[in-house]
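Reading the structure
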Amino acid sequence: MSLFRIIPDKIDVVQDQNKPDDHSSWRYKLYVIIFQANTPGGRLFDIILFCLILVNILLLLLESVQHISARYNAIFRAFDYGFLIIFSLEYILRLLCVKRPMQFVLSFYGIIDLMAILPFFVEFIFPQSHVLMIVRSFRFLRIFRIFRMVKFLDESRLLVFSLIKSFRKIIIFLFFVLVLTFFLGSLMYVIEFKYNPGFSSIPQSIYWAIVTITTVGYGDVAPVTAAGKALASFIMILGYAIIAVPTGILSASMVKESRSNKAELSCSGCGAGLHKDNAKFCWSCGSNLNPGKTSKGENVD
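Bear in mind that the values here come from a model prediction, so they are computed numbers and not experimental data. (Residues numbered from 1 in each chain as written. Predicted model: local features only at pLDDT ≥ 70, side-chain atom pairs only at ≥ 80, totals over all residues. Heavy atoms only, no water.)

Notes on the overall build of the chain
For the chain, the helix and strand inventory stands at 11 helices and zero strands. Along its sequence from the N terminus, the chain presents helices and strands in the succession α-α-α-α-α-α-α-α-α-α-α. The 301 residues of the chain split such that 38% are buried. Contacts spanning at least 24 positions in sequence make up 59% of the contacts within the chain whose residues lie at least 6 apart. (Helix = DSSP H or I, 4+ residues; strand = E, 2+ residues; numbered from the N terminus. Buried < 20%, exposed > 50% of the residue type's maximum accessible area, 1.4 Å probe, protein only. Contact = heavy atoms within 4.5 Å.)

Below, the structure is given as C-alpha cells:
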C-alpha cells in the first residue's frame, strides 16, 4: 500500500470516491451523516464522536491512577464496555455505508478507527495491554476535518512530503550515528573499565555513549580518568553538532517542497492550497478552481 494513500489531508477525497451511487438510498444518507463534516448532521455526528473520544481518554488517564482505579474499578469497566459497543457500532456503520469497505479499512482514518477497538479484544489475551487504548487519542486528528482547518492540512501535507523525501538521508545519518556510538562506547570501555565499575562492559559503555551524544546526560555513569573525561567532553560537543544535521536535512527539504508548491493554485472557496496547475476542482471542498472558465477552458461571458 502506498504511503501517499494514507496521508490524512487526502482522506475526504478518497472517501468521496467511495460514496454510494444511489443518492436516495439509506446508505447514502448514512454516508452523508458519518463522512460529510460540512453538513449539519455530519458536523453534529463528528462533534459528538469527538466528545466521546475525549471522555474515553480522560477516563483512561484516571484509571491509570492506582487509588482511583481501585475505588471505581467497576465504573471504569462499565464505561469500557459502553465505549466498546459505541465505537464498534460506529465502525460497522462506516463499513456498511461505503461502496468499497476495504478502501475505507485501508485508509488513514479506517486504520485509526480499527485501532480504537482492537486493544479491547487484545486485552482478553494480554491483560497488560489495556493501556494501549490510548491509541484512541489519534482519533483527535478528526478535528482538522470537523472544523475544516484546511490551512493546517496544507502544512501537515508539506511536512509529510518533506519527511518522505528526506527519509533516505535521515536513515543514512542515523546509521552513521549508530556506528559512531558503537566506536565511541567501545573506546570509552578500553579507557575506563579498569578504574570505573560503571563501564563494566561494552554494551554498558555504548549505552553511556548514546546518552551522552544525544545530550540527554542522565549522570548515572561518568568517566573518572583524565583521558575518559577528555573523550566525554569531545562526545558532548559532538552531540550538539549532530543534532543540527537532521534539522538541516528536513528544513532544506521543506524549503524545496514549499518553493515547488508556490505556483500551485489555491481554492477561493475554502482556501485549500497545494493544487496542481492543471487541477480543475479543489481536493478539499470540490469547488471549481476556475469558475470563470468552462470545462474546455473557454471564458464564460
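This is not the end of the story, as more comes after the structure.
A few points about unusual backbone geometry
Phi at T215 takes a positive value of approximately 60 degrees, unusual for a residue other than glycine. Mapped onto the elements, T215 comes out in the loop between α10 (202–213) and α11 (226–261).

As for the pattern of salt bridges
Scanning all chains against the criterion turns up three salt bridges. Between R94 and E90 there is a salt bridge, with its nearest N and O atoms 2.7 Å apart. Taken together, the residues span about one helical turn, with R94 and E90 both in helix α5 (residues 73–97) at a distance of four residues. Because the salt bridges share partners, they merge into one network encompassing E90, R94 and D113. (Salt bridge = Lys/Arg side-chain N within 4 Å of Asp/Glu carboxyl O.)

Overview of the environment of A241
Looking at where A241 falls in the secondary structure, it is placed in helix α11. Under the relative-accessibility criterion, A241 is labelled partly exposed at 45%. Taking the C-alpha atoms as reference points, A241 and I213, 28 residues apart in sequence, are found 9.6 Å from one another.

All quantities given are derived from atomic positions and should not be read as evidence of function.
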